Amino acid sequence: MQGKWINRLLLAPATVWFLIMLVLPLVFVAVFSFGERAPAGGYVPAFTFEQYLNLPARVTAFKNTLMLAPAGTLAALLIAYPLAYYLAVRASPKWKTVLLVMVIVPFWTSILIRTYAWIFILGGRGIPTLLEFIGIEGLRLINTPFAVLVGIIYGYLPLMVFPIYVSLEKLDKRLLEASADLGSPPLRTFRQVTLPLSIPGVATGCMLVFILLMGEFLIPALLGGGKVFFIGNALVDLFLQSRNWAYGSAVAATLVVIMLVTVTLYMKLVARVGEQREDVSIL
Amino acid sequence: MRLYAIVVYLFLYAPIGIIVLFSFNAGRHASDFRGFSVKWYGTALDNPFVMEALTTSLAVAFATAVLASLMGTMAALALQRVKGRLRALYDGVIYIAIMIPGIVIGIATLIALVTMFNFFNPLLAAIWPGGNPPHLNMGYTSLIAAHTMFTMALVIVIVRTRIAGMDRTLIEASTDLYATPWATFRQVTLPQIFPAIMAGFLLSFTFSFDDFIIAFFVAGSETTLPIYVFSSIRRGVTPEINAIGAMVLGISLTLLITAQFLLRARARQARAG
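A. View of the overall build of chain B. Secondary structure summary: chain B contains 11 helices and zero strands in total. Shown N-terminal to C-terminal, the secondary structure of chain B runs as helices and strands in the order α-α-α-α-α-α-α-α-α-α-α. Over its C-alpha atoms, taken along the principal directions, chain B stretches across nearly 70 × 70 × 30 Å. In chain B, buried positions account for 42% of the 273 residues. Residue pairs in contact within chain B that sit at least 24 positions apart in sequence constitute 78% of those at least 6 positions apart.

B. Region of interest: the overall build of chain A. On a plain count of helices and strands, chain A comes out with 12 helices and zero strands. Moving toward the C terminus, one meets the helices and strands of chain A in the order α-α-α-α-α-α-α-α-α-α-α-α. Dimensions along the principal axes, computed over C-alpha positions, put chain A at roughly 75 × 75 × 35 Å. Residues classed as buried in chain A amount to 43% of the 283 residues present. In chain A, the proportion of contacts linking residues at least 24 apart, taken out of those at least 6 apart, comes to 76%.

C. Molecular detail of the interface of chain A and chain B. At the interface, 60 residues of chain A touch 64 residues of chain B. No other element matches helix α1 (residues 2-32) of chain A, which puts 15 residues into the side of chain A that touches chain B. When the residues that make up the side of chain A that touches chain B are grouped by side-chain class, the tally is 47 nonpolar, 10 polar and three charged.

D. Region of interest: unusual backbone geometry. With phi around 65 degrees, Asn-143 of chain A is a residue other than glycine that occupies positive phi space. Its identity is not glycine, yet Tyr-178 of chain B carries a phi of approximately 65 degrees, on the positive side. Inspection of the secondary structure assignment puts Tyr-178 of chain B in the loop between α7 (168-176) and α8 (181-210).

E. Representation of helix α6 (residues 140-164) of chain B within the structure. All names here are of chain B. With 25 residues, α6 should cover 36 Å at 1.5 Å per step; its first-to-last C-alpha distance of 35 Å lies within 8% of that length. If you look at α6, its biggest bend is around 25 degrees, right at Met-149. α6 sits mainly inside the fold: 19 of its 25 residues count as buried.

F. A look at the confidence of the model for chain B. Here chain B shows a mean pLDDT of 88. Residues at 70 or above account for 95%. Prediction confidence for the complex, expressed as pTM and ipTM, is 0.88 and 0.89 respectively.

G. Fine view of the packing of helix α5 (residues 111-122) of chain A against helix α7 (residues 145-170) of chain A. Residues and elements named next belong to chain A. One way to put it is that α5 packs onto α7 with a least axis distance of 10 Å and a crossing angle of 140 degrees. As the angle between them shows, α5 and α7 are arranged oblique. At the point where α5 passes α7, the crossing takes the right-handed sense. Each of Ile-111, Arg-114, Thr-115, Trp-118 and Leu-122 in α5 lies in contact with α7, whose residues at this interface are Ala-147, Val-150, Gly-151, Tyr-154 and Gly-155. In terms of residue class, the contact of α5 with α7 is built from six nonpolar, three polar and one charged.

H. Representation of the packing of helix α4 (residues 84-99) of chain B against α6 of chain B in the model. All names here are of chain B. It is the contact of α4 with α6, at a shortest axis distance of 9 Å, that shows an interaxial angle of 120 degrees. As far as their axial angle goes, α6 and α4 are oblique. Relative to α6, α4 is oriented so that their crossing is left-handed. For the pair formed by α4 and α6, the contact residues are Ile-94, Ala-97 and Ile-98 on the first element and Met-149, Phe-150, Ala-153, Leu-154, Ile-156 and Val-157 on the second. Across the contact of α4 with α6, the residue classes break down as nine nonpolar, no polar and no charged.

I. Structural context of the confidence of the model for chain A. For chain A, the average pLDDT comes to 86, and 96% of its residues sit at 70 or higher. Every residue in residues 276-283 of chain A is under pLDDT 50, and counting partners more than four places away or in other chains gives 20 contacts.

J. Spatial organisation of the environment of Ala-164 of chain B. Residues and elements named next belong to chain B. Along the polypeptide, Ala-164 turns up in helix α6. Given 10 C-beta atoms within a 10 Å radius, Ala-164 is considered exposed. Sequence spacing of Ala-164 and Gln-80 is 84 residues, and the spatial spacing of their C-alpha atoms is 8.3 Å.

K. Inspection of the environment of Pro-128 of chain A at higher detail. Residue and element names in this part refer to chain A. In this structure, Pro-128 sits in helix α6 (residues 127-133). Taking the C-alpha atoms as reference, Pro-128 lies 34 Å from Leu-238; in sequence the two are 110 residues apart. Beyond its immediate chain neighbours, meaning those up to four positions away, Pro-128 contacts Leu-139 and Leu-141.

L. Structural view of the environment of Leu-202 of chain B. Examined against the element boundaries, Leu-202 of chain B turns out to sit in helix α8. For the pair Leu-202 of chain B and Val-66 of chain B, spaced 136 residues apart in the sequence, the C-alpha separation amounts to 9.7 Å.

Definitions and limits used
Residues numbered from 1 in each chain as written. Chains lettered and ligands numbered in written order. Predicted model: local features only at pLDDT ≥ 70, side-chain atom pairs only at ≥ 80, totals over all residues. Helix = DSSP H or I, 4+ residues; strand = E, 2+ residues; numbered from the N terminus. Buried ≥ 20, exposed ≤ 12 C-beta atoms within 10 Å, placed from the backbone. Contact = placed C-beta atoms within 7 Å. Nonpolar A, V, L, I, M, F, W, Y, C, P; charged D, E, K, R; others polar. Expected span 1.5 Å × (residues − 1). Bend = angle between axes of the 7 residues up to and from the residue. pLDDT = per-residue confidence, 0-100. Axes fitted to C-alpha atoms, helices over the stretch in contact; angles between N-to-C directions. Parallel < 35°, antiparallel > 145°, perpendicular 65-115°, else oblique. Left-handed = near helix turned anticlockwise from the far one by under 90°.

See the structure below:
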């Protein structure tokens, strides 16, 4: 009896905090998305689908996000997979932990500063100047979709490497030996043994990167120069500049719905592959 | 294969290295290296706006880390005994807290708090005895509250993982030897989960210190260091920003490597034992 009360007391602060700072705000977004914009900005209570019907006004932001987010996810996957494979299968055990920590650590450092570095590298005096030495002139890299893509890959690569590493690490190395002993060439072993067994890690990595990219603001804002507009940039504009809270809430709610659909599809996919969900946290 | 790994590590670390290198640039232009100097660090540290933003960021990060690791640890300890529907509900909330984009947390907190403040402020003014009723506003408190919400979810996950990997026989032994629940907690449980709590504290601190997007919405008139850097970048790239960036990276790298060390050293020890 006493234990029960202690438990409740221990859980109470976190519960209150989550209710006020997470659940309640999300309810506000849902409610506001059916409201109307006050003439001076802000929100007037109403029940209308007007905001949702107006979503096509921001179609470019949705289109950019829904094109560059999958592209960035795919590119990150292609770069991350061989590295994860190397870390899990080939790297010497002595260095493994250090190498792994070295992949994770950048992810937790300021994305702002790391993205800023690319303004530097891709900007006028960076790579374009180097290219001029070998005769390629007038190439513009910064403020293009390409720059945004590079920033995305750079920012989210660690998040992709980690889950793939975890699923490859768990792979029974004897399976690889068995496959080789039975005369399979390495490529076939990879295709028939390694790759299928790493699908859950790949799916987790792709989902994590995709979801975070959906809400990205900084990378397109800094490397896209206002020309490559994501949903996140539209949200900043709607809430901090035009103060259209009702419409902004509808955009945010739509973003969350797209995310939830992605997660559900992912769960279904992984369930079909017949593996347990990889509960990896990039910590 | 190894060559490939080296190239990817270069890709990950070269931009960080370039920032640090150019922060020591003696020249006036950000991307034109003209000799080694630490003068931009001096410029940055002499800039009152930078110092104020740095102080705000450090204070917010510290408060966030204290609150998140305290309440997160309490919740993680309680959750191990919670089962059934309530547990599933709680897990769902933690999952949402971690997965929802920072930008959505930012705007949701903004509209919820501003609306509530607009409701409560006239009320407070009406019932407050005497003059000078408190005026609720976006600022330090809302920023700390929002950061704590997200990082608390992280701490719960980290500490819970550690509790799950804990040696339960020790707790049973302690109970069998008639230790009170409090004594068992202090002498058996706490020492085992302490590294996880510390790691959670450091990660919370780093997250809050580096966060831009949530702060952008809920900081009110306060300026954190990332907000300062963001608005400076918009005005152009300067060696001063490089110096600030290098310092920010230095602070978070130190904390992160310590956190990783705490998490991994403990995990190894648990496996060996």
